[in-house]
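Survey of secondary and tertiary structure
Here's the letter readout for the chains.
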Amino acid sequence: MRTGLYPGTFDPITLGHADIIRRACSLVDRLVIGVAINRDKGPLFTLEERVAMIEVECAALERQTGCEIVVHPFENLLIHCARDVGAGVILRGLRAVADFEYEYQMVGMNRAMDDSIETVFLMAEAQHQAIASKLVKEIARLGGDISGFVTPAVQAHLADKFG
Ligand code: ADP
C-alpha cells in the first residue's frame, strides 16, 4: 500500500491542482492532500472552507481513479507531516521555471532531514499549467472570467467572497 502526500495551500483548489491530484492518484494507492494552515500567507479562504472545497472536488476524482484520497490539514514541518500520515513520497506540481528554485531548495532541505522520503514532480497538461490560485483570486476580485481555471463550485465560493 503506497501512500503519497500532496501538500499545498489550496486557496482555493484549481483545475491545476485537480490535474496534479489525478496524476498523483495513478502513482499511489492512497493520496493525502496536506492542506497547509499558512496563517502567515493570509489565505482568502479559512482552513475549513479550503478543506470543504477540496473534499467536494476529490469525491469525483476518487471515483474516477479508484485511489483513496484523504484531506489532512497540517501546521508542522512537511517532512513531519509526511511521517505522521505514513507517506513514502511527497508529490509536487511543477509549473514554469518560477517554481523550480523554491522546489529545488525544499527537496535539498527535506532530504537532509529525512532521506527516506522521495519527492516526485508532476506537470499538469498544457491548458492547466499556468493556473495559480493567487492569479485566480485576483481575476475573480476584478470581475474577470475564471471558468477555465476552477470548477463551477469553486467559482461560486469566489463570487461569494467578492460579492
Ligand atoms: P498556488 O501556488 O497556486 O497557490 P499551492 O501552494 O496550493 O498553489 O500549490 C500546491 C502544489 O500544487 C505546489 O506543488 C504547486 O507547484 C502545485 N501547483 C499549483 N498549481 C499548479 C498548476 N497549475 N500546475 C502544476 N502544479 C501546480
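Below is a summary of the structure that appears in this document. In this text, all values refer to a predicted model and were calculated from it rather than measured experimentally.

Let us look at the sheet that holds strand 3 (residues 68-74). Backbone-to-backbone hydrogen bonds pair the strands of a sheet. The strands run either parallel or antiparallel. Across the sheet, five strands lie side by side as 3-2-1-4-5; this open sheet has parallel pairing. At either end of the open sheet lies a strand with only one pairing partner, and these are strand 3 and strand 5 (118-122). For this sheet, the mean angle separating the axes of adjacent strands, direction not counted, is 30 degrees. In the packing of helix 2 (residues 47-65) onto the sheet, contacts are made with strand 2 (30-36) and strand 3, and the angle to strand 3 comes to roughly 170 degrees. Lying over the sheet, helix 4 (residues 97-113) contacts strand 4 (89-93) and strand 5, oriented at roughly 165 degrees with respect to strand 5.

According to the stated counting rule, one finds two aromatic pairs in the structure shown. For the ring pair Y6 and F10, a centre distance of 5.3 Å and an interplane angle of 75 degrees mean the geometry is edge-to-face.

Together, L77, M109 and M113 make up a nonpolar patch on the protein surface, roughly 300 Å² of accessible area in all. In this fold, M109 is placed in helix 4.

Rules and cut-offs
- Residues numbered from 1 in each chain as written.
- Predicted model: local features only at pLDDT ≥ 70, side-chain atom pairs only at ≥ 80, totals over all residues.
- Heavy atoms only, no water.
- Pairing = 2+ DSSP bridges.
- Helix = DSSP H or I, 4+ residues; strand = E, 2+ residues; numbered from the N terminus.
- Axes fitted to C-alpha atoms, helices over the stretch in contact; angles between N-to-C directions.
- Contact = heavy atoms within 4.5 Å.
- Phe/Tyr/Trp six-rings, centres within 6.5 Å; stacked < 30°, edge-to-face > 60°.
- Patch = residues over 30% accessible without salt bridge, like charges linked within 9 Å, V, L, I, M, F, W, Y side chains within 5 Å.
- Areas by Shrake-Rupley, 256 points an atom, 1.4 Å probe, with all protein chains shown as cover.
- Salt bridge = Lys/Arg side-chain N within 4 Å of Asp/Glu carboxyl O.

Purely geometric stuff here, so don't read any function into it on its own.
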